[in-house]
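The primary structure of each chain is shown beneath.
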Amino acid sequence: MLHIKYIILILAFFLSACSMKNYTHSTSKIITIKTSKLKFSDLAYFKNTNNSVRLELFTAGINVQNIEINNLICLNEGCMLRSSFNSEYLNENYPDTILQNIFLGQAIYDGLNFTKTTDGFIQKIQNKDVDIHYKVSSNEIYFKDKKNKILFKIKDIK
C-alpha cells in the first residue's frame, strides 16, 4: 500500500510539469514548423509567460497539436526532457533551451554572433553540426537550419 502512495506522488509530480499555467500573454500567430517529425503551417494560439510557452496548433479550425515548453516539453503524446525532445524532433547538438528561446524571440546559443537590428536581432551560427540563420523582428521570428533541414517561422496576424 505504501508503494502505491509513492507511485501516485511521483506521477503527480511529472504530470504537474505540464499542467495548466496562468499565461500572461495570448495571441494568434501564423506558424510554420518543418522538421523531420513535425510539419505544420497554419494558425496557432500562442500563450506565454517570461519562461513558459504553450502553442495550440490548428488546421482548418481543428486543434491538431499542443506544444508546451516549461521544464519539460510536452506534446499531445506526452512529456519529455528538453534534450530528449531535441534528439527526437530537432538535433541532439542543440542547446536544451533552443525551442523555448525561438518561440519567445530570445537569443540562442548564449548570444553567439548576435547582431542588433533596428527592430530586433540576427544570429548566424555555423559549425560542423548546424548552419543556422535566426532573425527576430517586431512582427516575425525566423529560424532556419540548412544543415538539419529545420524551419520555424512565427508571424503576427495583421
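Treat the numbers as computed from the prediction; the structure is a model and nothing was measured. (Residues numbered from 1 in each chain as written. Predicted model: local features only at pLDDT ≥ 70, side-chain atom pairs only at ≥ 80, totals over all residues. Heavy atoms only, no water.)

A.B. asks: Help me out: how do you make sense of the overall build of the chain in this one?
C.D. replies: A tally of helices and strands in the chain yields three helices and eleven strands. Order of helices (α) and strands (β) in the chain, N terminus to C terminus: α-β-β-β-β-β-β-α-α-β-β-β-β-β. Looking at the chain residue by residue over its 158 residues, the buried ones come to 41%. Summed over all atoms, the accessible surface of the chain reaches about 9,400 Å², with 56% contributed by carbon and sulfur. (Helix = DSSP H or I, 4+ residues; strand = E, 2+ residues; numbered from the N terminus. Buried < 20%, exposed > 50% of the residue type's maximum accessible area, 1.4 Å probe, protein only. Areas by Shrake-Rupley, 256 points an atom, 1.4 Å probe, with all protein chains shown as cover.)

A.B. asks: Just checking my understanding: could you explain the packing of aromatic side chains for this structure?
C.D. replies: A ring pair, where both rings are aromatic, is described by two values, the distance of the centres and the angle of the planes. Here the structure, examined in full by the defined rule, presents eight aromatic pairs. Aromatic rings pair up to connect Tyr94, Phe103, Phe114, Phe121, Tyr134, Phe143 and Phe152 into one cluster. We note lysine 29 situated over the ring of phenylalanine 46; from NZ or CZ to the ring centre the distance is 5.8 Å. (Phe/Tyr/Trp six-rings, centres within 6.5 Å; stacked < 30°, edge-to-face > 60°. Lys NZ or Arg CZ within 6 Å of the ring centre and 35° of its normal.)

A.B. asks: I tried to follow the environment of threonine 117 on my own but got confused; where do I start?
C.D. replies: As for its position among the elements, threonine 117 is in strand β7 (residues 114–117). Owing to a relative accessible area of 25%, threonine 117 belongs among the partly exposed residues under this scheme. Look past the residues within four positions of threonine 117 in its chain and what remains in contact with it is Ile122 and Val136. There is a polar contact of 3.3 Å between the side chain of threonine 117 and the backbone nitrogen of phenylalanine 121. (Contact = heavy atoms within 4.5 Å. Polar contact = N/O pair within 3.5 Å; in protein donor to acceptor, adjacent residues only side chain to side chain.)

A.B. asks: Teacher, can you tell me more about the state of the cysteines here?
C.D. replies: Put plainly, a disulfide is one covalent bond tying together the sulfur atoms of two cysteines. Applying the stated criterion across every chain, the model contains one disulfide. A disulfide bridge connects cysteine 74 with cysteine 79, and the sulfur atoms are separated by 2.1 Å. What sets the handedness of the cysteine 74 and cysteine 79 disulfide is the S-S torsion sign, and at about 105 degrees it is right-handed. (Disulfide = S-S within 2.5 Å.)

A.B. asks: Explain the environment of glutamine 123 here, please?
C.D. replies: Mapped onto the fold, glutamine 123 is located in strand β8 (residues 120–126). For the pair glutamine 123 and phenylalanine 143, spaced 20 residues apart in the sequence, the C-alpha separation amounts to 9.4 Å. Excluding residues within four positions of it along the chain, glutamine 123 makes contact with Ala107, Ile108, Gly111, Leu112, Asn113, Phe114, Ile132, His133 and Tyr134. Polar contacts involving the side chain of glutamine 123 include one to the main-chain carbonyl oxygen of isoleucine 108, which spans 2.8 Å.

A.B. asks: Would you explain the nonpolar core in this entry?
C.D. replies: As a rule of thumb, nonpolar side chains are buried together in soluble globular proteins. Residues Phe103 and Phe143 are the most contacted members of the largest nonpolar core, which totals 36 residues. Residue contributions to this core peak at five residues, all from helix α3 (residues 98–104). Not counting residues within four places of it along the chain, the set of residues in contact with phenylalanine 103 comprises Ile33, Phe46, Val53, Leu55, Ile69, Ile141, Phe152 and Ile154. (Core = buried A, V, L, I, M, F, W, Y, C linked by side-chain atoms within 4.5 Å.)

A.B. asks: Can you walk me through helix α2 (residues 82–89) in this structure?
C.D. replies: Along an α-helix, a turn takes 3.6 residues, which lines up residues three or four apart on a common side. Those residues of α2 that sit buried are Arg82, Phe85, Asn86 and Tyr89. Take α2 and look down its axis: the buried residues cluster within an arc of 100 degrees, on one side only. Contacts from the buried residues of α2 go to β4 (62–69), β5 (72–75), β6 (78–81) and α3. (Arc of directions from axis to C-beta.)

A.B. asks: Any chance you could explain the pairing of strand β3 (residues 53–59) here in plain terms?
C.D. replies: Remark: a regular strand shows side chains that alternate across the two faces of the sheet. With six of its seven residues buried, β3 lies for the most part within the structure. Inspection of the sheet shows strand β2 (residues 39–48) paired to β3 by five bridges, in the antiparallel sense. The partner of phenylalanine 46 across the bridge, within β3, is leucine 55. Taken together, the seven bridges between β3 and β4 define a ladder with antiparallel strand orientation. Across the sheet, residue arginine 54 finds its bridge partner in β4, namely glutamate 68. Linking two consecutive strands that pair antiparallel, namely β3 and β4, is a turn of two residues; a positive phi of about 50 degrees is found at alanine 60 within it. (Pairing = 2+ DSSP bridges.)

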